[in-house]
Amino acid sequence: MNASSTEDDSQAVSEATEFLVLLLDDPENTSLHAKIQRWRKADATHDAAWRSMVDIWHLTGDIGPVLLPLERASISQPKNPVFRRRRILAFAGAICACGFTFLFRNDIRLSVLSDYQTGAAENRMVQLPDGSTATLGARSAIAVHYDTHQRQVSVLAGEVFFNVRHDSAHPFVVLAGKMTARDIGTRFDVNKSDDRIDVAVNEGRIGLNYGIQGTTNERQMLAGDLVSINVRSGTVTQFHVNPSEVGSWKEKRLTVSDATVHSVVETLRRYYPGFIVTYGKGLDTIHVAGSYDLTDIPGALKAVAAPAHVSVREIGSRFLLISTKSS
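An account of the accompanying structure is given in this report. (Residues numbered from 1 in each chain as written. Predicted model: local features only at pLDDT ≥ 70, side-chain atom pairs only at ≥ 80, totals over all residues. Heavy atoms only, no water.)

**Comments concerning the pattern of salt bridges**
Okay, step 1: Using the criterion set out here, one finds six salt bridges in the structure.
Okay, step 2: Close ionic contact of Asp130 with Arg151 constitutes a salt bridge, the shortest N to O distance being 2.4 Å. Taken together, the residues span a long stretch of sequence, with Asp130 in the loop between strand S2 (124-127) and strand S3 (133-136) and Arg151 in strand S5 (residues 151-163) at a distance of 21 residues. For the pair formed by Asp130 and Arg151, the shared burial category is buried.
Okay, step 3: For Arg182, the salt bridge identified is with Glu218, shortest N-O distance 2.6 Å. Linking Arg182 in strand S7 (residues 179-192) with Glu218 in the loop between strand S8 (196-210) and strand S9 (219-222), this pair joins segments that are 36 residues apart in sequence.
Okay, step 4: For Arg182, a relative accessible area of 33% puts it in the partly exposed group.
Okay, step 5: Looking at Glu218, the relative accessible area reads 26%, which means it is partly exposed. (Salt bridge = Lys/Arg side-chain N within 4 Å of Asp/Glu carboxyl O. Helix = DSSP H or I, 4+ residues; strand = E, 2+ residues; numbered from the N terminus. Buried < 20%, exposed > 50% of the residue type's maximum accessible area, 1.4 Å probe, protein only.)

Below, the structure written as structure tokens:
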């Protein structure tokens with residue numbers, strides 16, 4: 001399975017999640033029923049994601065009704081608090097089961113491709129053959145390839161902080177998707193998710209390319225520079241941050257001065273030994289600042305939510321549901 005297929009699956013599950021949450025809150029909304037039907041028919045991946053959720057919901061048995069195809073069934077239910085809580089718990093179980101399917105498949109792929117990999121809430125420093133180091137954040141993976149011409153590391157997933165021993169005869173190159181970062185004596189951070197690649201410099205200088213390797217259109221980055229690449233649109237945006245923020249997660253604290261809620265949640269998700277599900281629009285446009293404890297993810301999310309007008313619901317001990325309050 002290629003990377004774009006995995007991204008499509010993940011996006012479809014996210015959209016199916018949002019539709020199901022909306023439907024459970026407003027089961028008699030005929031326009032929403034019609035919208036879901038159009039979405040399912042638009043792409044086979046959409047329909048597969050929806051059917052997976054229906055199958056998983058069916059396994060909850062007496063907790064709730066079977067979500068049959070919408071043209072054949074309604075999910076109208078008594079709106080008493082006890083039933084609603086049981087329904088939300090059933091939904092949490094459905095999402096967790098669905099999430100395990102995609103995480104398990106991705107973990108297998110990374111295990112095959114990577115030389116080093118970390119699990120949830122695990123940071124790990126790796127010494128590379130030349131004496132440089134790579135510190136992997138939680139749920140991260142890298143592949144290492146050194147030859148007589150260059151030192152190359154591929155970031156396959158997650159976040160990695162590099163402390164590079166400079167050697168002009170053997171360039172140090174980091175790959176993440178279509179992004180290439182060339183060391184010019186530096187300490188820098190690469191964060192790769194399905195929809196975004198961030199590169200930030202803590203110290204020194206790097207040359208950054210996005211697109212075709214080997215082109216001369218190289219962007220120079222200095223300490224405090226942060227470049228964010230939208231993988232889906234190809235948009236490249238540059239910011240400036242306090243250099244001390246770069247790689248702050250190595251000390252189990254995430255420090256940001258101007259970051260989107262979406263990007264903060266993506267980092268916190270890797271440190272949570274459960275599932276964090278987001279729905280609603282605007283999380284990628286709301287900006288926050290603060291220092292968040294990576295050993296207390298529910299507390300960190302609540303600290304993010306307070307000034308951002310974002311809702312955080314804890315369901316059980318392993319499930320967090322996040323939404324914009326207007327959702």
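**Topic: the environment of Trp50**
Okay, step 1: Along the polypeptide, Trp50 turns up in helix H3 (residues 44-58).
Okay, step 2: Taking C-alpha positions, Trp50 is 7.6 Å from Val13, a pair spaced 37 residues apart along the chain.

**Topic: helix H6 (residues 297-308)**
Okay, step 1: Over its 12 residues, H6 extends 17 Å from the first C-alpha to the last, a length consistent with the 16 Å expected when each residue adds 1.5 Å.
Okay, step 2: Once H6 finishes, His309 follows within two positions and takes phi at roughly 55°, a positive value. (Expected span 1.5 Å × (residues − 1).)

**Brief notes about the packing of aromatic side chains**
Geometrically, a pair of aromatic rings is defined through the distance of the ring centres and the angle of the planes.
Okay, step 1: Under the counting rule described, the total for this entry stands at two aromatic pairs.
Okay, step 2: Aromatic pair Phe162 and Phe172: ring centres 5.9 Å apart, planes at 65°, arrangement edge-to-face. Taken together, the residues Phe162 in strand S5 and Phe172 in strand S6 (residues 172-176) connect sequence positions 10 residues apart. Residues Phe162 and Phe172 agree in their burial class; the two are buried. (Phe/Tyr/Trp six-rings, centres within 6.5 Å; stacked < 30°, edge-to-face > 60°.)

**Topic: the packing of helix H5 (residues 261-270) against H6**
Okay, step 1: Following both chains from N to C, one finds H5 and H6 inclined at 175°, their axes separated by 11 Å at the closest point. Put simply, H5 runs roughly antiparallel to H6. Across from Val261, Val264, Val265 and Leu268 in H5, the residues of H6 making contact are Ile297, Ala300, Leu301, Val304 and Ala308.
Okay, step 2: Looking at side-chain class alone, the contact of H5 with H6 contains nine nonpolar, no polar and no charged residues. (Axes fitted to C-alpha atoms, helices over the stretch in contact; angles between N-to-C directions. Parallel < 35°, antiparallel > 145°, perpendicular 65-115°, else oblique. Contact = heavy atoms within 4.5 Å. Nonpolar A, V, L, I, M, F, W, Y, C, P; charged D, E, K, R; others polar.)

**A short note on unusual backbone geometry**
Okay, step 1: With phi around 65°, Ala121 is a residue other than glycine that occupies positive phi space.
Okay, step 2: In this fold, Ala121 is placed in the loop between strand S1 (116-117) and S2.
Okay, step 3: Judged by its relative accessible area of 34%, Ala121 falls in the partly exposed class.

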